[in-house]
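Spelled out, the chains give:
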Amino acid sequence: MSKKIKDTDYLVISARIRAMETGLLTGERMEQILTSRSNEEVVKLLQESGYPTMSLESPGAMDAAIATAREETLQDLGDSAPDNQYLNIFKLKYDYHNAKAILKAQAMNTDPDHMLADLGRVPAAELKEMITGGDMNLLPPLLATAIAEAKEVLETTRDPQLGDIVLDRWMYRDEMETAETTGSEFLRGYVRVSIDAANLRSLVRTLRMGKNAAFLEGVLVSGGTVGESEILTVAGNNGGGLAELYASTELKDAAQAGADALKVGALTKFEKLCDDAVSGYLSGAQMVAFGEAPLIGYLAARETEYTNLRILLMGRAAGLDPETIRARLRT
């Protein structure tokens, strides 16, 4: 059970968050980084924004620097957060990412280390040792159960996609149970809209691949605001009614883009709008002066910032034009 939180705990963390929000990268600063003429100028702009010195010649070095900044933020807030479960909701997805990489590498007899992100609740090296050694008793219970099921699916089917589906479904269940322990309706709402976005993505991708509703049924995640049966009905109608199904939700624009993408075009805009819908929900934290919402909103804003930095820096390194990179940035 979550510890009892006093009003003074929320007052302290809310005040800290409001101060820390001033350090978030603004759209103007992102644009400066995007249009900088040299890597040296980019590094200087990032240093001014609180990021460590990094080499822009190496994707691994860029990722490591961003990961370091993220870990420092979580450690800093971990000392004053009223309930560490608020932080865990943003950590556990990396546990599941790492589990996917380790299981796939195990099946292919390769080394997963370059794919691991040491940002979860469980250190990546320890997770690897537990999975490969078969002793997962010290893992969080839901994670251990998820890995065991995914491992069995992989051994039976040899299909990495099915293993990923198992882990994704357990991840959202883990997120919801974590949210439930906090008693935060705002956090539960965040998980629900995240599940809605995941299910919408699955619906559009399933239809684009020409797979049937039976396949989709095995992919959908429970717990969203849009019912699974309604989603399956749209799938059975080959996408008919897709935009209408999500018209009253945060995903209204994403669903319309998905419906358009079923006819022609790439999924880039659709994928971006799915992420933007989740960010849109979290932006509501700015309207809340007190409680856990400012903390959750800040952590999510930082997650979006790190995602955008990766998109921006990797795009520059790949020589993409600024307009292409702008179109991929999350809001």
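Scroll up a little and you will see the structure.
As the structure is a computational prediction, the values presented were derived from the model and not from experiment.

### Examining the overall build of the protein
So, step 1. Looking only at helices and strands, one finds 16 helices and zero strands in the protein.
So, step 2. The C-alpha atoms of the protein give a radius of gyration of 20 Å, which matches the 20 Å a tight globule of 331 residues would have.
So, step 3. Considered along the principal axes of its C-alpha atoms, the protein spans approximately 50 × 50 × 45 Å.
So, step 4. Buried positions account for 48% of the 331 residues belonging to the protein.
So, step 5. When contacts within the protein are restricted to residue pairs at least 6 apart in sequence, those whose partners lie at least 24 apart make up 64%.
So, step 6. As presented, the protein carries roughly 16100 Å² of accessible surface, and 51% of it is formed by carbon and sulfur atoms.

### Thoughts on the layout of surface pockets
Think of a ball as big as a water molecule: rolled over the atoms, this probe shows where empty space is left.
So, step 1. Approximately 580 Å³ is the volume attributed to the second largest pocket.
So, step 2. Lining the second largest pocket we find 26 residues, and of these Leu 24, Leu 25, Ala 301, Thr 304 and Thr 331 sit closest to its centre.
So, step 3. Listing elements by their share of the lining of the second largest pocket, those giving two or more residues are helix 2 (27-35), helix 14 (268-282) and helix 15 (293-317).
So, step 4. For the lining of the second largest pocket, the class distribution of residues is 12 nonpolar, 10 polar and four charged.

### Quick word on unusual backbone geometry
So, step 1. In this model, Asn 109 sits at a positive phi of 60°, which is unusual for a non-glycine residue.
So, step 2. Looking at the secondary structure, you find Asn 109 in the loop between helix 5 (85-108) and helix 6 (124-133).
So, step 3. A residue is classified by how much of its surface remains accessible, and Asn 109, at 73% relative accessible area, is exposed.
So, step 4. Positive phi is not limited to glycine here, since Asn 238 has a value of about 55°.
So, step 5. For Asn 238, the location among the structural elements is in the loop between helix 11 (228-236) and helix 12 (242-245).

### Quick notes on the packing of helix 2 against helix 15
So, step 1. Orientation of helix 2 relative to helix 15, taken along the N-to-C sense of each, is 20°, at an axis distance of 10 Å. Classified by the interaxial angle, the pair formed by helix 2 and helix 15 is roughly parallel. Regarding helix 2 and helix 15, the two cross each other, and that crossing is right-handed. Seen from helix 2, the contacting residues are Met 30, Ile 33, Leu 34 and Thr 35; seen from helix 15, they are Glu 305, Asn 308, Leu 309, Leu 312, Leu 313 and Arg 316.
So, step 2. When grouped by side-chain class, the residues that make up the contact of helix 2 with helix 15 number six nonpolar, two polar and two charged.

### Focus on the nonpolar core
So, step 1. Grouped together as the largest cluster of nonpolar side chains are 83 residues, with contacts concentrated most on Leu 77, Tyr 96, Leu 139, Ile 147, Tyr 190, Leu 200 and Tyr 246.
So, step 2. The element that contributes the greatest number of residues to this core is helix 9 (residues 185-209), accounting for 12 residues.
So, step 3. By size, the runner-up hydrophobic cluster in this structure holds 21 residues, among which are Leu 46, Tyr 51, Ala 65 and Leu 329.

### Focus: the pattern of salt bridges
So, step 1. This model, assessed by the stated rule, comprises 24 salt bridges.
So, step 2. A salt bridge links Lys 104 to Asp 164; the nearest nitrogen and oxygen atoms lie 2.8 Å apart. Taken together, the positions of Lys 104 in helix 5 and Asp 164 in helix 8 (residues 160-182) put the pair 60 residues apart, joining distant regions of the chain.
So, step 3. A salt bridge links Glu 185 to Arg 192, with the shortest nitrogen-to-oxygen separation between them at 2.3 Å.

### Quick look at the packing of aromatic side chains
So, step 1. The tally for this structure, following the rule as stated, stands at three aromatic pairs.
So, step 2. The interplanar angle of 25° and the centroid separation of 5.1 Å between the aromatic rings of Phe 186 and Tyr 281 together place this pair among those described as stacked. Taken together, the residues Phe 186 in helix 9 and Tyr 281 in helix 14 connect sequence positions 95 residues apart.
So, step 3. Over the ring of Phe 215 we find Lys 211, and its NZ or CZ is 4.9 Å from the ring centre.

### Some remarks on the environment of Leu 187
So, step 1. With respect to the helices and strands, the residue Leu 187 is situated in helix 9.
So, step 2. By relative accessible area, Leu 187 is classed as buried at 0%.
So, step 3. C-alpha separation for the pair Leu 187 and Arg 205, spaced 18 residues apart in sequence, amounts to 27 Å.
So, step 4. Discounting chain neighbours no more than four positions away, the residues touching Leu 187 are Tyr 86, Ile 89, Ala 179, Thr 182 and Ile 296.

### Topic: helix 14
One turn of an α-helix holds 3.6 residues; hence residues three or four places apart share an orientation.
So, step 1. Given a rise of 1.5 Å per residue, 15 residues ought to cover 21 Å, and the 22 Å separating the end C-alpha atoms of helix 14 matches this to within 8%.
So, step 2. Within the sequence span of helix 14, burial applies to Phe 270, Glu 271, Lys 272, Leu 273, Cys 274, Asp 276, Ala 277, Val 278, Ser 279, Tyr 281 and Leu 282.
So, step 3. Contacts made by the buried residues of helix 14 are with helix 9, helix 13 (252-263), helix 15 and helix 16 (322-328).

### Description of the environment of Gln 32
So, step 1. Among the structural elements, Gln 32 can be located in helix 2.
So, step 2. A relative accessible area of 34% places Gln 32 in the partly exposed class.
So, step 3. Remark: the alpha-carbon pair of Gln 32 and Val 42, spanning 10 residues in sequence, is separated by 8.1 Å.
So, step 4. A polar contact of 2.8 Å, which involves the side chain of Gln 32, links it to the side chain of Arg 29.

Each value, and the rule that gives it
- What you see as residue numbers is a count from 1 along each chain, following the sequence as written.
- Local features are withheld for residues below a pLDDT of 70 in this predicted model, meaning they are given only at 70 or higher, and side-chain atom pairs are given and counted only at 80 or more; totals for whole chains, interfaces and linings count all residues.
- Side-chain metrics in this entry use all non-hydrogen atoms of the structure; hydrogen atoms and water are not considered.
- Numbering goes from the N terminus for both helices and strands, where a helix is a DSSP run of H or I of at least four residues and a strand is a run of E of at least two.
- Computation of the radius of gyration draws on C-alpha atoms alone. For the globule rule, the value is 2.2 Å times the number of residues to the power 0.38.
- Type-normalised accessible area, obtained with a 1.4 Å probe on protein chains alone, sets the label of each residue: buried when under 20%, exposed when over 50%, and partly exposed for intermediate values.
- Residues count as neighbours in contact if any of their non-hydrogen atoms are within 4.5 Å of one another.
- Areas reported as accessible are Shrake-Rupley estimates using a 1.4 Å probe. Residue values count occlusion only from the protein chains shown.
- Buriedness of a pocket was judged along seven lines, with at least five required to meet protein on both sides within 12 Å; pockets are open sets of points on a 1 Å grid over the protein atoms alone, cavities are sets where a 1.4 Å probe fits but cannot get out, and lining residues have an atom within 4 Å of a point.
- Grid points are joined across faces, edges and corners, and a volume is the space filled by probe spheres set on the points.
- Each residue receives one of three labels: charged for Asp, Glu, Lys and Arg, nonpolar for Ala, Val, Leu, Ile, Met, Phe, Trp, Tyr, Cys and Pro, and polar for the others, Gly being one of them.
- Every axis in this analysis is a line fitted to C-alpha atoms, fitted for helices over the stretch in contact. Angles between the N-to-C directions lie between 0 and 180 degrees.
- Here roughly perpendicular refers to angles of 65 to 115 degrees, roughly parallel to angles under 35, roughly antiparallel to angles over 145, and oblique to all remaining angles.
- We call a crossing left-handed when the near helix sits turned anticlockwise from the far one by less than a right angle, and right-handed when that turn is clockwise.
- Only buried residues count toward a nonpolar core. Its members are Ala, Val, Leu, Ile, Met, Phe, Trp, Tyr and Cys residues joined through side-chain atoms within 4.5 Å.
- Should a side-chain nitrogen of Lys or Arg be within 4 Å of a carboxyl oxygen of Asp or Glu, the pair is scored as a salt bridge.
- Within 6.5 Å between ring centres, the rings of Phe, Tyr and Trp (the latter by its six-membered ring) count as paired, and their orientation is classed by plane angle as stacked under 30 degrees, edge-to-face over 60, tilted in between.
- Only Lys NZ and Arg CZ are tested; either one counts as a charge over a ring when it is within 6 Å of the ring centre and within 35 degrees of the ring normal.
- Expected span of a helix, by definition, is 1.5 Å for each gap between consecutive residues, and there is one gap fewer than residues.
- In protein, a polar contact requires one atom able to donate a hydrogen and another able to accept it; more generally it is a pair of N or O atoms within 3.5 Å, and residues adjacent in sequence count only if both atoms are side-chain atoms.

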